[in-house]
Every structure is written in structure tokens, then in C-alpha cells.
Amino acid sequence: MSRTDDRKQNEDTGPSGYAAARLRLLGEEARSGPPRRAALAGLTDDWLTGLFDAAAPAAKGISLVAVGGYGRGELSPRSDLDLLLLHDGSDPAAVAALADRLWYPVWDLGISLDHSVRTPAEARATAGEDLKVQLGLLDARHLTGDLGLTAGLRTAILADWRNQAPKRLPELRELCAERAERHGELRFLLEPDLKEARGGLRDATALRAVAASWLADAPREGLADARRRLLDARDALHLVTGRATDRLALQEQDQVAAGLGLLDADTLLRQVYEAARVISYAGDVTWREVGRVLRARAVRPRLRAMLGGGKPVAERTPLAEGVVEQDGEAVLARTARPERDPVLPLRAAAAAAQAALPLSPHAVRRMAATARPLPTPWPAEAREQLITLLGSGRPTVDVWEALEAEGLITRLLPDWERVRCRPQRNAVHLWTVDRHLIETAVRASALTRGVSRPDLLLVAALLHDIGKGWPGDHSVAGEIIAKDVAARLGFDRADVAVLAALVRHHLLLVETATRRDLDDPATVRAVADAVGSQSTLELLHALTEADALATGPAAWSAWRGSLVADLVRRVSALLAGEHPGTEPETAAPTAEQERLAVEAHRTGGPVLALRAQPEPAPPDDSAETDDPADTGEPLGVELLIAVPDQPGVLPALAGVLALHRLTVRTGGLRTLRLPDDVDDDGCVLLLDWRVAAEYGSLPQAARLRADLVRALEGSLDITSRLAERDAAYPRRRGRAAPPPRVTVAPAASRHATVIEVRAQDAPGLLFRIGTALEKAAVRVRSMHVSTLGANAVDAFYVTSGTGAPLPAPDAAATARALEEALRA
């Protein structure tokens, strides 16, 4: 039915004519969504215009104005009518009589009416006092009467809003935050309020108001469609319930889904959640931009005065290769080339999360449009950056949302599509499946100090419910998916098997602990058989806790935790004899290592070589390999150093690398005895490390050697240089990493005491460890350093001055002193 047809059926200005035409319109199945809302608004316009013209056929200085949702032409079946009777104040009695002729027919039909009668001055004054009134007037639309009066008010209201934006926008932001606190986040609620919850229609209206201020604007991609979907759902809800409600109750969801032509209630909720996600993200970006603009306006006059009137230049601080901080965001460096750097999206995301900074939407949009896809399997750097992102704690959530907004997550992990915005119809769960997986990673990041493989814990946290959305047991389906994903990420076969086992058995510990008799040996044996090893048990214990904490407060308690811990102790005791700790066997030195050792002995100083690793060969889908090198390992370049055995080598080298902004990815130190024909009693320290530049290019080997010589001689004050460099950069908030943990590994070696360090990787970390061990007067016999994402997992084999393992009290004291030094 056309707009003309609607008018013909509404020729009677009385309630009955309008009511009949309205009923016919709402009963038309062929017309729904925006066309129906526009037709209903048009029908109502004609009716109210007829009422007005019949009551005041030649009125001057008075007009009827639609405001709010009606002003936008968005009438749902049970929407209120928001009306303003605007007048110039010349004839109050005539205005009052006209108001009665307008309002009573609306009330007679049982339609909710939000009405006011004001002069332009009164409307502006009320808007200045009441933010909600001002928001409604921003959408003012002339219906009938004196057009000039309406136009004048619209112009004045918009001018007031723009002039007062620095004051009113913070007030609007606070109003949105208070509403979100009361009504929750729409995309995670099983019975969401489509209008009031965060990410709902009220927030979409607030974004329109921000845009009208000309101070900032929301990302427009997908925003109009998201708003339309929520309005469509509200229309269907009104028709199903026959009431003016915005709450999508469980008992109505199937009918609402059917009214929208959707498969089922879950499909409806996913569609609603996706729309809310788009609006929420747009709100985050917009309010961040509002804050940035307002801060800049406040600072600019003072800054200009300091610069003598010159234009201030935005400061850009490096975060990672191709990523810098500017104006409180992580943005792409000017030299960044996403089209040539497929790892850049993950590197930028990891750098932003580690610095607790939002990832610029412009940067994400550019990377989404131009970045090349990652090869399969992923290069090692890509896997490391994903692990760093997952291990960044609470900032991971916002950065992940930024990637999700531009479709980068499903491009990186295609299996994510099935869990994205998937509802969980369980009162215990607070989140949708995708957000629950990220929350689990956030919780797991706080538990990384308790496991030897934090990278496997974090990836298992991300994947443990990936099977939801597939038929059957999600743990069984998830095991299959996890194997495929882990292989694509570049993990070797052993790690793939561990990740698959963690996903398959992620409910095993809590279900067994709470439902089985732990005094029955068969119970413990069954868990031990399923887990298989101490290291997997350790990971599964941490994953169980992270999963439960990320589910909701009802899923974890001190009682449940104690039961699970008791089960883990029993299983660990059963597995204890199967995998005794042994010192890793040391491989025979290569010819190059022997050559460097002889050269160091001959010159009496350090000798080093930097050797770039060859690019991995393109993957051959027809061939299988267990060699990590075929998946892009190792990360960085190889640094070989031989130096005569002497105190202070470890802190000196680690400090020099930190000064040159080199990150140690893996590292080994051992004592190499020289061949008898060179020196029958000579020893040289051999260090074989993998290093990577934080950003920029690697320094020349000659510069590294010169600084290392100075450090060993004591003429290079590394501590002061590092402190000066740190002080030169603005202090960033960063993420709150778990505190470092230093332990003595029991019975790990017969020849040395093993000190294990688990800490947040940071520039100078190895220098601080080496310095603390030197102060403890112990000798580092060998070491095994690895960096897994942002986590350093290091083992130091130390002895006393006589070359014997440390007595237990001394070992404990050394571990305590090292932990205190790292916490300082």
C-alpha cells in the first residue's frame, strides 16, 4: 500500500478512521521494517495534521512538532507519540484549547503520549536544564502550522547544542554509563532491553547527538544496519505482546523470531547481539574521540603559548615494529606497510594490549583493507604475537573487539565465526561463547606464573569452547577443531596433542572433583590416564580455574577450588614416578661454536657472531613435518658468543642487549671445555641466543662486541644508561601483569641447583636476573631461557663457588632474593 493509499484510508480525522487505517497497516505482512515504520509515521502525521487544521485552520504563531523517535519517523507499533505544541505566546487561551483538541483524541485511542506546550524560549530553557529534552528536540520535525516557528527553534536548538557541546557531551556520556550500569550490556543478556541496555537504541540515539555536535562522529560502517535490526526486533516484539515493551523476554523470543522470519530464538539473539556489538564498539570509539578532542581543546591554548603560537606536533612513541603511540592510541607508524607485513595486525594488537592502549579504528580499518593473509602454518612471530595479545589481561578485551569490528578475527581464525555472538542459555554463564573464551584467556593470563607453558594455557583458554555451535558434545567437536587450529598456528605435533587434550578434557577436573569419590583409586587412575603427564595436568588445572572464573560467580567457589586441588594432588602423586625431572642433555658443540671458543681463549675477550636465520620454505600441503623450523621457527636471529669464563658475563651481555633494544626470545648458556690441543684446563662460556629487535634493524656485531667489552671491564654503566633511557620516554599505564614467581625445582639436577623464573618479559629483565644472581654469589653453570608471548620462562642451573649444588637453605634464600629484586 502506498503513502497515498494510507492517506485515503485516513480521510476521517476522528479516532476511528485513524485506528482502522493503523490496524490495517500493522496487519500487512508484506510491509515491515523501515517501510512500515515510515508508513506508520506518515499515517500518524496525516491524522494529527487533520486534527490541527480542523481545530485551527488559519493559526499563526503556532505549530505542531514531532520530537524524539517520532521526530525521526521511527514509529514502532506501540511507540509513544512525542509531540511539542510550539507557540509564540501571543494567545495562551487559544493554544490551551488547541492542545485539548489534539491530546484527547490520542488518549481516547489508548496511545501513550509525551506532550508539551512551550514557546521557543521556554523550549530552549528547558533543553538547557534537561538533557533528555534537548536530545528529543535535536530530532524535531515539523508536522503542521507555522513552519517558520519550527525552523527557528530547530536552528536555535542545534546552535545551542554545538555551542554547549564541551559541557553537555560529558553529561551525556555519564548518562549513558549510568543507564548501562542499571540495565547491563545488551549483547550478553538472555532477556535484553533493546532500548535501555548498553548497545541498544538509546546509545544509537546518543551517537546521533554526538554527530550533531560536530565535535566527533561515530564509525558509520554497519551502524545504520545495526540500528535497523534492533528496531525490527522491537517492532516484532510489540506485535507479539501487544504492549509497548522493549524487554525481549525468553517466553516471547521464539514468536519474535518467527515474526522476523528467523530460524529460532538463538538466531534472533545472535542477530540482536551482533547489532549491539556494533553499536557498543561505535560508542567506545566515539566517546574516546570526544575525550581526546576535549582534552586537546583544554591544552591547546597553553601549548600554543609555550610554542610561541606554533602548531603543536603530536608525539609518537614507538611500541613495536610498525606501531607507535599517538594521542593515547596505538596507531600505525608512518613506515608501516600492511600490504607487505601479514603479521602487522597481530603485532599492533599485542603492542596495544601490552601498553593498555586502545587500537586506533583507522589503523584496524587500514589493516583489514590491505594486510596480506598469513601463510599456513603461521610464522613463529605471528604465533608469538597472538600469545602476547591473549596474555595481556583485561586490555585484551577491547583490542580484540577492535579487530572483531573489522572482521580480522574471523579472517585469522575462521572457526571463530560459529561462536561469535552465540548465546549461552544457561543462567550460570554471564557471556556469549566468544566473549567467554576471551574472558577465559584474561583469567588465564593471571595464572601463567604457575605453569611451564603459558603459551599452551592461553591458546587452550581461547579454544576450549570452540566446539559450541557444532552438533554433539562440544568437547569432542572442540578437540577436532583445536587440532586443526593449533596446526595452522604453527605448533609442533607434541604441542598440538597437548592443546587437543586440554580442550577435550577441560571439564574433566571439575566434574570429577564434584561428582566422583576421590578416595576411589579408580577415579584418580582414570584422570591420570586421560591427562597423561604432569605438565598437562598443570595446564589443565589452571585452565579449569580460568574457565570457571570466566563463566560467572556461581561456577567457582573456595569449596570447588579445594576439591579440584585435592584431585590434582592425588593425580600428581600417581604421575610423579613416571616423569622424573632430569637435566637436559647438552649437545656437542658445533664446529663454529668451537672456533669461537678457541678465538675467545686466544684473544682473552668476547667473540660473537650474528647469523640471520633463513626464511622458512613455503609449506607443502602434501608433506608432514615435526620440525618446528618448517613452521617459521626460530624467531629472530642467532647470536653466538664465546667469552673466557669470568664473573659477570650474564648481566653484562643481557644489559648490552637491552641497551641495543634487542629482545631475547630463547637463550642458552653453558661452560665449554676447550680441546686438549688448545688448553688442557681451559674453559669458555658459550652463549647461543635468539634475539630480535624491538623495532628497527639489528645493530652491527662490532658495536655489540665493543659495548660488551666495556661492560665486562666496568667502564659501561648499564644500570644508569637503562634508567636514563626509561626516563626519556613518557610513563605508560600498561597492563597489570601477574607478579614474578621464582622457585627452586626439586630434584631437577644432580650437578646444580635449578632456579626457575616466570615473569613478564620486559626490556632489561635478563639483566636484572643476572645482576641479582651475581649479588647472591652463585655461578650460573648453564641456563635455558625462553619467551612465550609476553611471558619469560627461564631456568638457571647454579652452583656455589666450589661448583657444588647449593644447600637447600641457600637455594631458598637465593630464590627469595631474586624474586624480591624482580618485584622491586
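Before reading further, recall that the structure is shown in the block above.
Let us look at the structure shown here. All of these numbers come straight from a predicted model, not from anything done at the bench. Every chain begins its residue count from 1, and numbering advances along the sequence as written. Residue-level local features of this predicted model are given only where pLDDT is at least 70; pairs of side-chain atoms are given and counted only at 80 or more, and the full residue set underlies all totals for whole chains, interfaces and linings. Remark: hydrogens and water are excluded; side-chain values derive from all non-hydrogen atoms of the structure.

**Side note on the sheet that holds strand 6 (residues 323-326)**
Logical step 1: Here we have 3 strands laid out as an open sheet, ordered 5-6-7, and antiparallel in their pairing. Looking at the sheet topology across the chains shown, the edges are occupied by strand 5 (317-320) and strand 7 (329-332). Each strand of the sheet is rotated relative to its neighbour by a mean of 45 degrees, with strand direction disregarded.
Logical step 2: A strand pair is defined by DSSP finding two or more bridges across the two strands. Under the DSSP-based scheme used, a helix requires at least four consecutive residues in state H or I and a strand at least two consecutive residues in state E, with every element numbered from the N terminus. One ladder, built from 4 bridges, connects strand 6 with strand 7; its direction is antiparallel. Bridge pairing links Val323 to Leu332 in strand 7.
Logical step 3: Note on definitions: a residue-residue contact is assigned when non-hydrogen atoms from the two residues lie within 4.5 Å. Each axis is a line fitted through C-alpha atoms, taken for helices only over the stretch in contact, and angles between the N-to-C directions span 0 to 180 degrees. Along the sheet face, helix 14 (residues 344-354) touches strand 5, strand 6 and strand 7 and points at about 40 degrees away from the line of strand 6.

**Looking at the sheet that holds strand 4 (residues 141-145)**
Where strands meet in a sheet, backbone hydrogen bonds hold them as pairs that are either parallel or antiparallel.
Logical step 1: Taking strand neighbours across the sheet as the criterion, the 4 strands line up as 3-2-1-4 in an open arrangement whose pairing is mixed. The two strands at the open ends of the sheet, each matched to only one other strand, are strand 3 (113-118) and strand 4. On average, each strand axis in the sheet is tilted by 20 degrees relative to the strand beside it, whichever way the strands run.
Logical step 2: Where helix 6 (residues 120-129) meets the sheet, its contacts fall on strand 2 (81-87) and strand 3, and the angle it forms with strand 3 comes to roughly 120 degrees.

**Some details on the pattern of salt bridges**
Logical step 1: By definition, a salt bridge exists where a carboxyl oxygen of Asp or Glu is found within 4 Å of a side-chain nitrogen of Lys or Arg. One pass over the full model with this rule turns up 53 salt bridges.
Logical step 2: Residues Arg365 and Glu406 are paired through a salt bridge, measuring 3.5 Å at the closest nitrogen-oxygen approach. Note that Arg365 is positioned in helix 15 (residues 361-370) and Glu406 in the loop between helix 17 (395-405) and helix 18 (408-412), a separation of 41 residues in sequence.
Logical step 3: A salt bridge links Asp465 to Lys468; its shortest N-O distance comes to 3.4 Å. Judged on exposure class, the residue Asp465 and its partner Lys468 are both buried. Exposure categories follow from relative accessible area, calculated using a 1.4 Å probe and restricted to protein chains: below 20% of the type maximum is buried, above 50% is exposed, and the middle band is partly exposed.

**Considering the side chain of Lys468**
Logical step 1: Summarising the element assignment, Lys468 is placed in the loop between helix 20 (454-463) and helix 21 (474-489).
Logical step 2: Classification of Lys468 by relative accessible area gives buried; the value is 18%.
Logical step 3: Residues contacting Lys468, with those up to four places away along its chain left out, are Arg418, Val419, Arg422, Gln424, His429, Val433 and His474.

**Regarding the packing of aromatic side chains**
Logical step 1: Side-chain rings of Phe, Tyr and Trp, where Trp is taken by its six-membered ring, are said to pair if the distance between their centres is within 6.5 Å; with planes under 30 degrees apart they count as stacked, over 60 as edge-to-face, and otherwise as tilted. One pass over the full model with this rule turns up 4 aromatic pairs.
Logical step 2: Ring geometry for Tyr18 and Trp47: centres 4.2 Å apart, planes at 5 degrees, overall stacked. On the criterion of sequence distance, the pair formed by Tyr18 in helix 2 (residues 15-27) and Trp47 in helix 3 (residues 33-55) is long-range, its members being 29 residues apart. In this structure, Tyr18 and Trp47 share a single accessibility class: buried.

**Considerations on the pairing of strand 2**
Logical step 1: Counting buried residues along strand 2, 7 of its 7 residues qualify, which places the element largely inside the surrounding structure.
Logical step 2: Of the two faces of strand 2, the one holding Leu81, Leu83, Leu85 and His87 and the one holding Asp82, Leu84 and Leu86 are both buried throughout.
Logical step 3: One ladder, built from 5 bridges, connects strand 1 (residues 62-66) with strand 2; its direction is antiparallel. Bridged to Ser63 within strand 2 is Leu86.

**Quick look at helix 27 (residues 591-603)**
Logical step 1: By definition here, a helix of n residues has an expected span of 1.5 Å times n minus one. Between its first and last C-alpha atoms helix 27 spans 18 Å; for 13 residues at 1.5 Å apiece the expected length is 18 Å, and the two agree.
Logical step 2: Within the sequence span of helix 27, burial applies to Gln593, Leu596, Ala597 and Ala600. The arc enclosing the buried residues of helix 27, seen along the axis, measures out at 100 degrees, which places them on a common side. Turned more than 90 degrees from where helix 27 packs its buried face, Ala591 and Arg602 sit exposed.
Logical step 3: Of the surrounding elements, those touching the buried residues of helix 27 are strand 8 (607-611), strand 9 (637-644), strand 10 (662-673) and strand 11 (683-693).
Logical step 4: Residue Gly604 follows helix 27 closely and has a positive phi angle near 75 degrees. In this description, one arc is meant: the one made by directions from the helix axis to the C-beta atoms.

**Some details on the side chain of His506**
Logical step 1: When you line up the elements, His506 lands in the loop between helix 22 (493-504) and helix 23 (508-515).
Logical step 2: Within the structure, His506 has its side chain in polar contact with the side chain of Asp465 (distance 3.2 Å).
Logical step 3: Each polar contact in these results corresponds to two N or O atoms within 3.5 Å; when the atoms are within protein, one needs to be able to donate a hydrogen and the other to accept it, and residues that are neighboring in sequence are counted only if both atoms are side-chain atoms. Among the polar contacts listed, one links the side chain of His506 to the backbone oxygen of Val503, at a separation of 2.7 Å.
Logical step 4: Among residues more than four places away in sequence, those in contact with His506 are His464, Asp465, His474, Ser475, Leu540, Leu543, Thr544 and Asp547.

**Side note on the nonpolar core**
In a soluble, globular protein the nonpolar side chains are often hidden away together inside.
Logical step 1: Within the largest apolar cluster, 92 residues are counted, with the highest numbers of intra-cluster contacts made by Leu359, Trp378, Trp400, Leu413, Trp416 and Phe491.
Logical step 2: Core analysis: the second largest hydrophobic core is formed by 49 residues, Leu657, Leu685, Leu704 and Leu765 among them. Residues belong to one nonpolar core when they are buried, are Ala, Val, Leu, Ile, Met, Phe, Trp, Tyr or Cys, and are joined through side-chain atoms within 4.5 Å.

**Things to note about unusual backbone geometry**
Logical step 1: Thr376 connects to Pro377 through a cis peptide bond whose omega is -5 degrees.
Logical step 2: A positive phi angle, near 55 degrees, is found at Asp327, a position not held by glycine.
Logical step 3: Tracing the sequence through the fold places Asp327 in the loop between strand 6 and strand 7.
Logical step 4: Accessibility expressed as a relative area gives 40% for Asp327, which makes it partly exposed.

**A word on the pairing of strand 3**
Logical step 1: With 6 bridges joining them, strand 2 and strand 3 adopt parallel strand pairing. Bridge pairing in strand 3 places Asp82 opposite Asp114.
Logical step 2: Note on handedness: a crossover is taken as right-handed if, strands pointing away from the viewer, the path from the first strand over the helix to the second is clockwise. The parallel pair strand 2 and strand 3 is bridged by helix 5 (residues 92-108), and the resulting crossover is right-handed.

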